Each structure stands twice: as C-alpha cells, then as structure tokens.
Amino acid sequence: MAKTRVETDLLGPRPIPADALIGIHTLRATENFDVSGIRLQDFPEFVQSLGMVKQAAATTNLELGLLSPSVAQAIERASSRLIVGEILSPHFPVDMMQGGAGTSTNMNVNEVVANLALQDLGRQPGSYDAVNPNDHVNLSQSTNDVYPTAIRLTVLREGEKLTSALSALAASFRCKGETFSDILKVGRTQLQDAVPMFLGQEFEAFAETLEEDVSQFLSAAELMREVNLGGTAIGTGVNAPAEFSVVACAHLSRISSVTLRPARNLVEATSDTGAFVSISGALKRISVKLSKICNDLRLLSSGPRAGLGEIRLPAMQAGSSIMPGKVNPVIPEMLNQIGFQVIGNDLTVTLAASAGQLQLNAMEPVIVLNILQSMRLLTRGMDALRIRCIEGIEADAERCRSLHDSSLVHAAALNPLVGYAKAASLARTALAERMSLREVVGRDSGLSAAQIDTIFGEPRRH
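First, a word on what this report is: a plain description of the structure on this page. Given the structure is predicted, the values throughout are model-derived calculations rather than measurements.

1. Focus: the overall build of the chain
In terms of helices and strands, the chain carries 17 helices and eight strands. By the compact-globule yardstick of 23 Å for 462 residues, the chain is too spread out, its C-alpha radius of gyration being 30 Å. Projected onto its principal axes, the C-alpha positions of the chain cover 100 × 50 × 35 Å. Classification of the 462 residues of the chain by burial places 51% in the buried group. Contacts in the chain between residues far apart in sequence, at least 24 positions, make up 72% of those at least 6 positions apart. Accessible surface, the chain as shown: approximately 20,800 Å² in total, 53% of it carbon and sulfur. Here the chain contributes 41 positive and 48 negative side-chain charges, whose respective centroids are spaced 5 Å apart.

Here it is, written out as structure tokens:
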C-alpha cells in the first residue's frame, strides 16, 4: 500500500500521500469544490503571481526579523520554483470556482510552498514544525490581501500580452488600409448604399478604433497597481508589522518587474472591487469592437458570387460536410464567439463585484476566473485573427468598382446643385429604368459636364 501521512485541521485528521506537496486544506477544497473542472493549475500565470507574493512576503518577514534566515530562504527558493513554472500540475488542483473568498487557493499555495521548503531543508513533507503553511509561509498575510494582490499582479502581467496582441492587430489593419487605399467602393449605412469611399478607409477605421482601446485598457490597468498587501484580514493590518505593506510591495515590484504601490486606505482596498469592474469593462469594450469588425469582414467577404464579395478572406478549411467547395469565414466567426463570451464574463464580474458585504467581497474567485479567461481568449483570439485572417485578406478591386458604378451612391453629392428632392427623383429614375445614375443625371439634371465630373469624382480621403 502507498505510504501516507496524517494531517489534522479543525475538522479532524485525514490521511494524505506521504510525498504529496498538498496538505489537508487543499484536500478538503478539492472535495468541496469539484464543480467547474477549471483548476488553479490551468492558470499558471496566476500561480506564478501567487509565488511572487509569497517570495516577497518571506523576504519582508526576514528583513523585519520575523523569520529565521534558513526558513525564509527556503520559502524564497520554494516560491521561485512556482515563479519559473517548475511546479504546476498536479499540485494546484483546487477549483477556480470556490467559496471562502480565495482561501482554498491561498492555502493550496501555502501548503505547496511549505512542503517544497521542507524538502529543500532535507525534511519530509508534512513536517510543519519546521516550516508551517500558516505560521511561516502565510506570516503577516491573509487570503484577503494575498489573493487580490495576486489577481492585480496577474492582470498587469498578462495585460502586456493583450495590448501587444491588440497593437499588432491594429497594425495589420493599418497595413491593409494602405494596400487598399486606391480601391473605390460603396460605403453603406443600414446595409444600404450610402456614399462612395475607398476600401482603404474602411480598414484604416478598423485600425483606428482598435488603437483607441490600447490606451483605454492601459488606463484601466493603472488602477491595478494599488494593492492591499499588508492589510491582512480586513485592511487593519492585524498580525502584520506596520511597515510590512511598504516593504513587501517594494520587494514584489522588484520580483515581478511590475510597479506596485500600497493602497492609501487598506480597508477600502480590501473590500472594493471597482478596479476589477473597470478592467472587465475595458475587455468588454474591446470585444464589442472586435465583434463588430468581424461582422463587417463576414459581410464584405460574403458570396463569393451571390454576396458582396468585395474582399476575399484566406480559406482556412472546408466549410461544409454536404456542400462541396463552400468555404466559411471561420476565424471571424470564432472571434465573434469570443466576444460574446467576454461580454457575458463582464456581466458576471459586475454582479460579483456588487455582491460584496461589509469589509470583504467573497465573490473574488469568480471575478478572477472570468477576467483571466477573458484576457486569455482575447489575446489568443486576436493573434489568430491577425495571422490566420487579416494578413491574408485580398481585395476584389473589380467587384468593388462594379458595385460602385452600378450604385446610386453619388446621389448625395447632387444635393448642393439640384436640391434634395430633385436628387431623390433622379435616383428613383435611375433605379426604375435600370440606368446608371450618371446617365440619368446627364440626361435629366441640366448640369454641365464639368459639374457632373465633379459629382462623380473620387471621394475625400480624410
């Protein structure tokens, strides 16, 4: 039979595999919260941030004389193994969806770090008299300051990847805008022919709207730099030295290479989740824009013969199990669905943020799950859209010109010369007689050839 060790908590003793890095708190959590199937180990970036917090706390406790050098250094080395990703599955099995405001996650990390430190010191896992998950690894801390600090740190670290993907996608649209700058086409409102434009202008607009969201996200992310580490249970700093917050934040900034600062009011920072609402809102804004752009790409590429067909998306896979030769816009469709998921995640974050009571919001686990999932989906999705779709888009210039020439889009330019009513009449005549608008204007408007040339000239480029 496999060897076991016995650990005891306030509910009683439980056997645990002798060499397991987890302890009794993690064991009970895996039993209690086996619900979503999404584990802490599925978000290695979050585990890394938690490791950084534990390392910063150990260094601070050593500096303040609260831990012996041997124990503090063992905890620092153990935390480093989390930070570099050496220790992950199956040692972080707790469900991301959990009660207790993140206590199960914090204790999972405390137990793994403690047992790694014990091994480093030549002791057996579970020998908590030497390194204890609570008394040593969690010293001067609480779940209520560790957990939200790690969330904020993870958002800031992963935010660099997201904004990089967003900027690269915008640049790809900008490049296509330059390539398509001389292709005349129909501009549309309410899916109806409106006025002339260049295809390049359409893609430049896609680039511009996404570039706006880089600054919007970074602005929201600034709120994440203020952390409540050192506030412990409710922000009063019980069981932590007064200087712990400042010193620990300095060490955490150094370890993570991310600038963090102690919150001005640790009580407020422990209970408030407004920053999470802001960052989730920024992610929703990006998703709304991306979904609209993908809808446009699908419309512009519809056909290829019975739709608009103004652009051709890269063919990525066969589109039908029954219709030979059909190719679907699968990458934009994927992005649409990512957008829907992120928008739904934002609602979850909003509701969870509103559900806190008094000095703590116990719903932070579902907040972090949804924010990190949204960031991961958007980052990966934008990269896929850029590489597998945007970079390979081709324009059908002949199709754009044909639709433009047979449309009524120059009718608006007649208004200053003949008035709205006369322009509408000319457009109706062209439509009814299946003539080009230019032919009808030349026949019925009384305008000079020079005036007609001006009306039917190229649109403005700005």
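Text resumes after the structure shown.
2. What about the nonpolar core?
By size, the foremost hydrophobic cluster in this structure holds 112 residues, and its most contacted members are Phe 46 and Phe 173. A per-element tally of this core places helix H6 (residues 143–179) first, with 13 residues. With residues near it in sequence (within four places) discarded, Phe 173 still touches Phe 203, Phe 206, Ala 207, Leu 210, Ile 293, Leu 297 and Ile 390.

3. What about the packing of aromatic side chains?
Summed over the entire model, instances satisfying the criterion amount to five aromatic pairs. Look at Phe 173 and Phe 203: their rings are 6.0 Å apart centre to centre, the planes differ by 40 degrees, and that puts the pair in the tilted class. Pair noted here: Phe 173 is in helix H6 and Phe 203 is in helix H7 (residues 199–222), with a separation of 30 residues, a long-range link. On the accessibility criterion, Phe 173 (0% relative accessible area) is buried. For the ring pair Phe 173 and Phe 206, a centre distance of 5.3 Å and an interplane angle of 70 degrees mean the geometry is edge-to-face. Highlighted residues: Phe 173 in helix H6 and Phe 206 in helix H7, separated in sequence by 33 residues. For Phe 206, a relative accessible area of 5% translates into the label buried. The rings of Phe 173, Phe 180, Phe 203 and Phe 206 are connected pair by pair, giving a single aromatic cluster.

4. Some details on the side chain of Asn 328
By secondary structure assignment, the location of Asn 328 is in the loop between strand E7 (311–312) and helix H11 (330–353). A polar side-chain atom of Asn 328 sits 2.5 Å from a polar atom in the side chain of Lys 326. Contacts of Asn 328, omitting those with residues within four sequence positions, involve Gly 319 and Glu 333.

5. Section: helix H8 (residues 244–256)
Note that an α-helix has 3.6 residues per turn; residues three or four places apart therefore point the same way. With 13 residues, H8 extends 18 Å between its outermost C-alpha atoms, agreeing within 8% with the 18 Å of an ideal straight helix rising 1.5 Å per residue. Of all 13 residues making up H8, 10 are buried, and the element is well covered by its neighbours. Among the residues making up H8, those that are buried are Phe 244, Ser 245, Val 247, Ala 248, Cys 249, His 251, Leu 252, Ser 253, Ile 255 and Ser 256. Tucked inside the fold, the buried residues of H8 contact helix H2 (44–63), helix H3 (69–83), H6, strand E5 (226–227), strand E6 (261–262) and helix H9 (266–271).

6. Comments concerning the pairing of strand E1 (residues 4–9)
Working note: regular strand, side chains alternate between the two faces of the sheet. A one-sided burial pattern is seen for E1, the buried positions being Arg 5, Glu 7 and Asp 9 and the unburied ones Thr 4, Val 6 and Thr 8. Two strands pair when backbone bridges link them, and E1 and strand E2 (residues 12–17) are joined in this way by six bridges, in the antiparallel orientation. Following the sheet pairing, Thr 8 is matched in E2 by Pro 13. Counted along the chain from E1 to the antiparallel partner E2, the turn is two residues long.

7. A look at the pattern of salt bridges
Per the counting criterion, the structure on display carries 31 salt bridges. Here Asp 346 and Lys 284 are joined by a salt bridge, their closest N and O atoms 3.5 Å apart. Within this pair, whereas Asp 346 is found in helix H11, its partner Lys 284 is found in helix H10 (residues 274–300), the two being separated by 62 residues in sequence. You can call Asp 346 buried: its relative accessible area is 7%.

8. Points about the packing of H3 against helix H4 (residues 103–120)
At a minimum axis distance of 8 Å, the contact between H3 and H4 shows a crossing angle of 120 degrees. Comparing their axes, H4 and H3 come out oblique. Crossing of H3 against H4: the hand is right-handed. Packed against H3, whose contacting residues are Ala 74, Ile 75, Arg 77, Ala 78, Ser 79, Arg 81 and Leu 82, the element H4 presents Val 109, Val 112, Val 113, Leu 116, Ala 117 and Asp 120 at the interface.

9. Considering the pairing of strand E4 (residues 192–198)
The sheet contact formed by strand E3 (residues 184–189) and E4 spans five bridges and is antiparallel. By the bridge assignment for E4, Arg 188 is matched with Asp 193. Connecting the antiparallel pair E3 and E4 is a turn made up of two residues, with Gln 190 showing a positive phi of about 55 degrees.

10. Overview of the environment of Gln 55
For Gln 55, the position within the fold is in helix H2. Each C-alpha atom, one on Gln 55 and one on Leu 191, is 57 Å from the other, the two residues being 136 residues apart in sequence. In contact with Gln 55, not counting residues within four places along its chain, are Glu 76, Ser 79, Ser 80, Ile 83 and Ile 255.

Conventions used here
In this convention, every chain numbers its residues from 1, walking through the sequence in written order. Totals for whole chains, interfaces and linings use every residue, but because this is a predicted model, local features are given only for residues with pLDDT of at least 70 and side-chain atom pairs only at 80 or more, for both listing and counting. Neither water nor hydrogens contribute to the side-chain values; these are computed over all heavy atoms in the structure. Here a strand is any run of E in DSSP of at least two residues, a helix any run of H or I of at least four, and the numbering for each starts at the N terminus. With the radius of gyration taken over C-alpha atoms, the globule rule is written as 2.2 Å times the number of residues to the power 0.38. Accessible area is worked out with a 1.4 Å probe on protein chains only. A residue is then buried under 20% of its type maximum, exposed over 50%, and partly exposed in between. Contact criterion: two residues are considered in contact whenever any of their non-hydrogen atoms come within 4.5 Å of each other. Calculation of accessible area relied on Shrake-Rupley with a 1.4 Å probe; when residues are assessed, cover is drawn exclusively from the protein chains displayed. The charge count includes Lys and Arg as positive and Asp and Glu as negative, but it does not include His or the ends of the chains. Charge positions come from single atoms, namely NZ of Lys, CZ of Arg, CG of Asp or CD of Glu. In these notes, a set of buried Ala, Val, Leu, Ile, Met, Phe, Trp, Tyr and Cys residues joined through side-chain atoms within 4.5 Å is what counts as a nonpolar core. Aromatic rings from Phe, Tyr and Trp, taking only the six-membered ring of Trp, are treated as a pair when their centres fall within 6.5 Å; an angle between ring planes under 30 degrees marks them as stacked, one over 60 as edge-to-face, and anything in between as tilted. Pairs of N or O atoms are called polar contacts if they sit within 3.5 Å, as long as, within protein, a hydrogen donor faces a hydrogen acceptor (for residues adjacent in sequence, only side-chain-to-side-chain pairs). A helix is expected to span 1.5 Å for every residue after the first. Between any two strands, pairing holds if DSSP finds at least two bridges. Any Lys or Arg side-chain nitrogen located within 4 Å of an Asp or Glu carboxyl oxygen qualifies as a salt bridge. Inter-axis angles, ranging from 0 to 180 degrees, are taken between N-to-C directions of lines fitted to C-alpha atoms, where helices are fitted over the stretch in contact. Angle categories: roughly parallel below 35 degrees, roughly antiparallel above 145, roughly perpendicular from 65 to 115, and oblique for all the rest. In this scheme the handedness of a crossing depends on how the near helix is turned from the far one: anticlockwise by less than a right angle means left-handed, clockwise means right-handed.

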